[in-house]
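So you can see what is in the structure, the chains are spelled out below.
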Amino acid sequence: MKIAEGYSKRVCALLSSILTIASMAGASSDVRAHWTMNDGAGTDLTDSSGNGNTLVGKNFAYSQGLNSAAVSLKTDGELRAENSESLNPADAITVEAWIRPWEPNFQDSPTFVFKDGSYVLSFVPGKKVGFRLWVGGKEHLLSSKKTDWKKSVWYHVVGAYDGRKMRLYVDGKLDNEVPMSGKIDASDSPVFVGTANGKHFLWNPIDEVRIFGRALAVDEINKATLAGKFEAERMDARHAAFFHKGEKRKPKAVVPGYIWVDAEDFDEYGGWWMETQFVPQVGSPYMLAAGTGEPVEDAVTTVNVEKPGTYKLWVRNRNWVKDHNPGTFNVSVNGKKSDTVFGTEPIEEWVWQDGGIFELEAGDVELKLHDLTGWYGRCDAIILTRDMYYIPPFVLEGYKGEQRRLTGRGAAEKTEGDYDVVVVGAGAAGINAAISSARMGAKTALIQNRPMIGGNNSTEMGVPILGPADFGKKNAREGGLNEEIGRLRSFNFMQKWSNGAEVIAAGEKNLTIFLNTHVYDVERTEGNRIVAVRAFDMIDGHLSRYEGKQFIDCTGDAWVGYYAGAELMRGREPRWMFNESNAPEEADIMTMSGALMHSHTLGYNSVDTGKPEPFSGPDWVWDLSFNTTNLQARKGYEKTHKSGSWWHENRNDVDDLWNPEAARDGLIRVSVSYWDWIKNVSDSKEKAANRKLLPLPVTNAKRETVRLVGDFVLKQDDLVETVWFEDAIGHGGWGLDIHHPDAIFSTEGPFDFNTHISMYNVPFRMLYSKNVPNLMMAGRNVSCTHVALGTVRVQGTTGMMGQAVGTAAAMCVRYGTDPRGIYQKHITELQQQLLKDDQYIIGLRNEDLNDLALDAGVSASSEKSALFSAQNVLSGVSRIVGDQMNMWASDPAQDMPQWLEVKFRKPKEVNAVYLTFDTDLNDAKRATWEWKDDERMPPECVRDYQVQLFDGSIWTTVAAVTGNYQRRRIHRFPSTKASKIKVVVNATNGDQSARVYEVRAYNE
Ligand SMILES: Cc1cc2nc3c(=O)[nH]c(=O)nc-3n(C[C@H](O)[C@H](O)[C@H](O)COP(=O)(O)OP(=O)(O)OC[C@H]3O[C@@H](n4cnc5c(N)ncnc54)[C@H](O)[C@@H]3O)c2cc1C
């Protein structure tokens, strides 16, 4: 994957090195040991320096680390590397570790790295870090000046010695140093990590431990700190981390007499939040005082005033609840406060307010935003002008033109390239579409208007990926990309499924990702074909254009289809239209509400402060006391004195599509109104007495807006009656889960209906546009009724659709056809390709004529029972269906290794073997790929194995794998004539049986 130049450079650099923070230090030379702690299985932690200083462990656990796993010791735990020459540098040394302390007992000197008689890095009494060296037979201790360690924050701690000085660095900065000379004493002590030979335990996580035979330079240490901190922040989902300040403008007068300052130009945001969700509607990012009732810290910047004189101040802001003025603020210029209080205009639109006159000298002038309420005041831009008659434009287009004129930003459009497939929107659907298209060989662009991929599942939103398996369906978790990404995420303790997707996408050479890029238009030829999409950068506004042959709309909002003139559906269809008993009598434009989401917070979160925390709702909250009985009866209510629930929603007539900012603001009002009700009305008020509301999430995860109409519209009966589709491309099985249109105000509970249905297949015809020939769609904007959206919208299912359309798009390019052509002429091939790529389609089996193994004979070292016979690996189905196991499992009473042999009728040229192992698609707990700790490697999954080929006389090993945790593995090798393939299983991740669902062989 490439990530496009510009604003996203930093993200690009970091993503591509996501698995190797160390490499970012740019100083791999003379590394003596490097324990990444990412091994995941067994008791040995690999030394990736190549010096073989394996860290042998006992009683330790994996947990979330910086970019992947970290380890922590349990009682009597140990991590020990035997002494070696490489661990005894004499002239210079660096000892480095990442630690995440949680109230350590400093008196006990919890230890990070310990080599008795040579070097130690640890905490020491006085709340300090200590770096100890033995030089000339004497012990020398250098303690840190730093003593304030926050709970659960990752710290980068480095001790270095260059033959002249001992130095301690914390978080990339030199903390303390002392002169020192002489050679470091060699010792025969092993190196211990996390303990000093059974004493001084560091009970908290430790990660990325390195020992060098030289002193790292400060810039090398700094680079490693930055890389690690960035990863830690990403995992904490701090959105601001993605805002690349390095490219910010220094405001000055581009047009004489006018200085335009954008919110994003500020040097320090203070407690203000950089809001980039609503750029298409607002015209630019803006600053939001998200303090939840407590004024946030000032935002500050300086601008350059070339000419002294009288300047008029204009401030663009919005009063988000007119007549109540919830979010107000002051602006001061060089310390002088404007008389105007901003956020007070009696209209809920973005407006410019006149801030009065200021006399300014030439030179740097300080601007300060001073929040007055903490209730979501907002400032988008500031103008200082010498033109006293000037009035800035209020209307969006005029505003954008003026912004360009006064900032000097050009309006020239850059063509970013000619792609085979252009995917717009990078939720689960778009991600899978783009990866599968690229894997099929199509040159693919993925355009995403957020600073990261993931959509609702991204680190900024965090909606878990659910599917049929979470709705009580047996053996129902998706395979394919969903599982591959999910397994990677789980193995690496990543925050979200989408973090795993970033890593997988990074490996795709045919894929380019454009972040912060919002598609706002398309170019068409006659016949409604799309030729290109047009976009602007969400931060600096620059324009770009992307040509393509096939387009996939995964925006959730059907924007590409809308601009292309595709037929759309919106709101609730009337009952008669699709004969749906769950539909309302009359059509309306109700769409299910979104919710405030941020990482792990849904709606709101609160904290117990141990003292009474009275809360008096502001005058703009809604009174929910009329609905007390119903709210108290809702599922999940009992937890809402702590945190929000999915039914903290807007009424369904709120417009998430055209007015998303107002929809988000409505959700803020819902959360605060509900909290007011909890604190002052509900029967939970005692439980909530000491609880304080934390800052609310400000991102609106959307659930429903618009759908594109395809050749087929999926409706209630197709799902309730489980209709067979000849063009099935994958399965779903979430219920018909439609929320009540009155949402939090509903006196009938949170659901309109929630009907359980069986697992079903999704037809391909609902994934391409009826009237735009080269447009496909996946996600919540597919061709289905409002009722059917109740099931297909969950991300397990949208991800599955994404894989199908990405595969189909690449096939369109290959055959020079459009999606309808795929349906008419190549649907079997599409289905077989999807099965080959581990997607499940109910009722279909592997009939791939290119699979050399299909008509082979099979034998195995042992079988668990007739149900698990070796023959099952050629059943053509690679999951349990009903009472069919469809897998080989060896006799659990027999020791490993166990083997499985596929014997061709006659020798064949083979260059690829596809294996499908068991990762337990039935386990509901694992259905979301959210599982942690010792479950990162499903016990059923084959861990260590070999693939061998028999050419008639000798066996050759073509693949030898240790530490596997993936369900699907593909092994490619030079084409070889073989009569037999053997899979030798040496170990599993815990199960007593070797378990294999499928073996495919190809010459491709
Ligand atoms: C509060 C809430 C809870 C939910 N709970 C669950 C759950 O537990 N499990 C589950 O599986 N599903 C859940 N859902 C449903 C699910 O999250 C959505 O249906 C799903 O995210 C839709 O996927 P998508 O890929 O179509 O859209 P999204 O995930 O929204 O991704 C679309 C992406 O496209 C980007 N985009 C939009 N327009 C443009 C443009 N013009 N140019 C470039 N990029 C653009 C968007 O910013 C977004 O990042 C929930 C939804 C909500 C709102």
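Residues numbered from 1 in each chain as written. Predicted model: local features only at pLDDT ≥ 70, side-chain atom pairs only at ≥ 80, totals over all residues. Heavy atoms only, no water.

- The protein has the name F5/8 type C domain-containing protein in an unreviewed UniProt entry, where Pontiella sulfatireligans is given as its organism.

### Brief notes about the overall build of the protein
(1) Moving on: A tally of regular secondary structure across the protein gives 17 helices and 50 strands.
(2) Moving on: The C-alpha atoms of the protein give 30 Å as radius of gyration, which agrees with the globular expectation for 1004 residues (30 Å, within 12%).
(3) Moving on: On the principal axes, the C-alpha backbone points of the protein span a range of 95 × 90 × 60 Å.
(4) Moving on: Here the protein holds 1004 residues, and 63% of them are scored as buried.
(5) Moving on: Pairs at least 24 apart in sequence give 74% of the contacts found in the protein among residues at least 6 apart.
(6) Moving on: Summing over all exposed atoms, the protein offers an accessible surface of approximately 35900 Å²; the carbon and sulfur share of this is 49%.
(7) Moving on: When the 113 positive and 132 negative side-chain charges of the protein are each reduced to one mean point, those points stand 2 Å apart. (Helix = DSSP H or I, 4+ residues; strand = E, 2+ residues; numbered from the N terminus. Rg over C-alpha atoms; globule rule 2.2 N^0.38 Å. Buried < 20%, exposed > 50% of the residue type's maximum accessible area, 1.4 Å probe, protein only. Contact = heavy atoms within 4.5 Å. Areas by Shrake-Rupley, 256 points an atom, 1.4 Å probe, with all protein chains shown as cover. Lys, Arg positive; Asp, Glu negative; His and termini not counted. Charge placed at Lys NZ, Arg CZ, Asp CG, Glu CD.)

### A word on the packing of aromatic side chains
(1) Moving on: Enumeration according to the criterion identifies 38 aromatic pairs in this entry.
(2) Moving on: Every member of this aromatic cluster is reached through a ring pair, and the members are Tyr 604, Tyr 637, Trp 647, Tyr 674, Trp 675 and Trp 677.
(3) Moving on: Taking the ring centre of Tyr 419 as reference, the NZ or CZ of Lys 443 above it sits at 4.9 Å.
(4) Moving on: In this arrangement the basic side chain of Lys 982 is found over the ring face of Trp 955, its NZ or CZ atom lying 4.7 Å from the centre. (Phe/Tyr/Trp six-rings, centres within 6.5 Å; stacked < 30°, edge-to-face > 60°. Lys NZ or Arg CZ within 6 Å of the ring centre and 35° of its normal.)

### Here's the deal with the site of the ligand
(1) Moving on: In the vicinity of the ligand, 33 residues are found, and the nearest of them are Asn 449, Asn 456, Pro 464, Arg 793 and Gln 795.
(2) Moving on: Interatomic distance of 2.8 Å between a side-chain N/O atom of Asn 456 and an oxygen atom of the ligand.
(3) Moving on: For the ligand, an oxygen atom lies 2.9 Å from a polar atom in the backbone of Leu 466.
(4) Moving on: When the ligand is considered free in solution it has 990 Å² of accessible area, and contact with the protein chains removes 93% of it.
(5) Moving on: Counting residues per element, the ones that place at least two in the shell around the ligand are helix H6 (428-439) and strand E29 (517-524).
(6) Moving on: If one sorts the elements of the shell around the ligand by residue count, E29 sits on top with three residues. (Near = heavy atom within 4 Å. Polar contact = N/O pair within 3.5 Å; in protein donor to acceptor, adjacent residues only side chain to side chain.)

### Topic: the sheet that holds strand E24 (residues 363-371)
(1) Moving on: With antiparallel pairing, four strands are arranged side by side in an open sheet as E19-E24-E21-E22. Each edge of the open sheet carries a strand with a single partner, namely strand E19 (299-305) and strand E22 (336-337).
(2) Moving on: Summarising the sheet, strand E21 (residues 329-333) and E24 pair through five bridges and their orientation is antiparallel. Residue pairing for E24: Val 333 is matched across the bridge by Leu 367. (Pairing = 2+ DSSP bridges.)

### Some words on the sheet that holds strand E37 (residues 699-701)
The strands that make up a sheet pair up through hydrogen bonds in the backbone, lying either parallel or antiparallel.
(1) Moving on: The antiparallel open sheet is built from three strands, whose spatial order is E34-E33-E37. The open sheet has two edge strands with one neighbour each: strand E34 (601-602) and E37.
(2) Moving on: Two elements, strand E33 (residues 595-598) and E34, share two bridges in a ladder whose sense is antiparallel. Within the sheet, the bridge partner assigned to Met 597 lies in E34 and is Leu 602.
(3) Moving on: Packed onto the sheet, helix H12 (residues 660-680) meets E33 and E37 and runs at close to 85 degrees relative to E33. (Axes fitted to C-alpha atoms, helices over the stretch in contact; angles between N-to-C directions.)

### Topic: the pattern of salt bridges
Oppositely charged side chains are able to pair whenever their charged atoms sit close together.
(1) Moving on: In the structure shown here, the tally under the stated rule is 64 salt bridges.
(2) Moving on: Between Glu 483 and Arg 487 there is a salt bridge, and its shortest N-O distance comes to 3.7 Å. With Glu 483 and Arg 487 both in helix H7 (residues 480-491) and four residues apart, this pair spans about one turn of that helix.
(3) Moving on: Residue Glu 483 is classed as buried on the basis of its relative accessible area, which comes to 1%. (Salt bridge = Lys/Arg side-chain N within 4 Å of Asp/Glu carboxyl O.)

### A closer look at the environment of Asn 83
(1) Moving on: Summarising the element assignment, Asn 83 is placed in the loop between strand E5 (69-81) and strand E6 (93-99).
(2) Moving on: Each C-alpha atom of the pair Asn 83 and Lys 770 lies 69 Å from the other, and the pair is 687 residues apart in sequence.
(3) Moving on: Ignoring sequence-local partners within four residues, the contact set of Asn 83 consists of Asn 88, Lys 115, Ser 187, Asp 188, Ser 189 and Pro 190.
(4) Moving on: One polar contact links Asn 83 to Lys 115, side chain to side chain, over a distance of 3.0 Å.
(5) Moving on: A polar atom in the side chain of Asn 83 sits 3.3 Å from the backbone oxygen of Ser 187.

### Focus: the pairing of strand E48 (residues 955-961)
(1) Moving on: Sheet topology places strand E47 (residues 942-950) next to E48; six bridges connect them, and they run antiparallel. Bridged to Gln 948 within E48 is Thr 957.
(2) Moving on: Where E47 folds back onto E48 in an antiparallel hairpin, the turn is made up of four residues, including Gly 952, whose phi is positive at roughly 110 degrees.

### Let's talk about empty space enclosed by the protein
(1) Moving on: For the structure on display, the rule yields three cavities of 30 Å³ or more.
(2) Moving on: Quantified by volume, the largest cavity comes out at close to 100 Å³.
(3) Moving on: Forming the boundary of the largest cavity are 13 residues, of which Leu 835, Gln 839, Tyr 840, Val 877 and Ser 878 lie nearest the centre.
(4) Moving on: Looking at the lining of the largest cavity, its residues break down into four nonpolar, three polar and six charged. (1 Å grid on protein atoms, 1.4 Å probe; cavity = no way out; pocket = protein on both sides within 12 Å on 5 of 7 lines; lining within 4 Å. Points joined across faces, edges and corners; volume = space filled by probe spheres on them. Nonpolar A, V, L, I, M, F, W, Y, C, P; charged D, E, K, R; others polar.)

### Topic: the domain arrangement of the protein
How big an interface is tends to be expressed through the accessible area that disappears when the partners come together.
(1) Moving on: The domain architecture assigned to the protein consists of domain 1 (30-237), domain 2 (252-407), domain 3 (415-572 + 704-837), domain 4 (595-701) and domain 5 (857-1002).
(2) Moving on: Opposite the 28 residues of domain 3 that make contact, domain 4 presents 27 residues.
(3) Moving on: Summed over both sides, the interface between domain 3 and domain 4 buries roughly 2300 Å², with carbon and sulfur atoms accounting for 62% of that surface.
(4) Moving on: Together, Met 461, Ile 744 and Phe 745 form the three largest contributors to the area buried by domain 3 at its contact with domain 4, with a combined 32%.
(5) Moving on: Between domain 3 and domain 4 we count one salt bridge in total.
(6) Moving on: Residue composition of the side of domain 3 that touches domain 4, grouped by class: eleven nonpolar, ten polar and seven charged. (Domains from an automatic or database assignment. Buried area = accessible area lost by both parts, 1.4 Å probe.)

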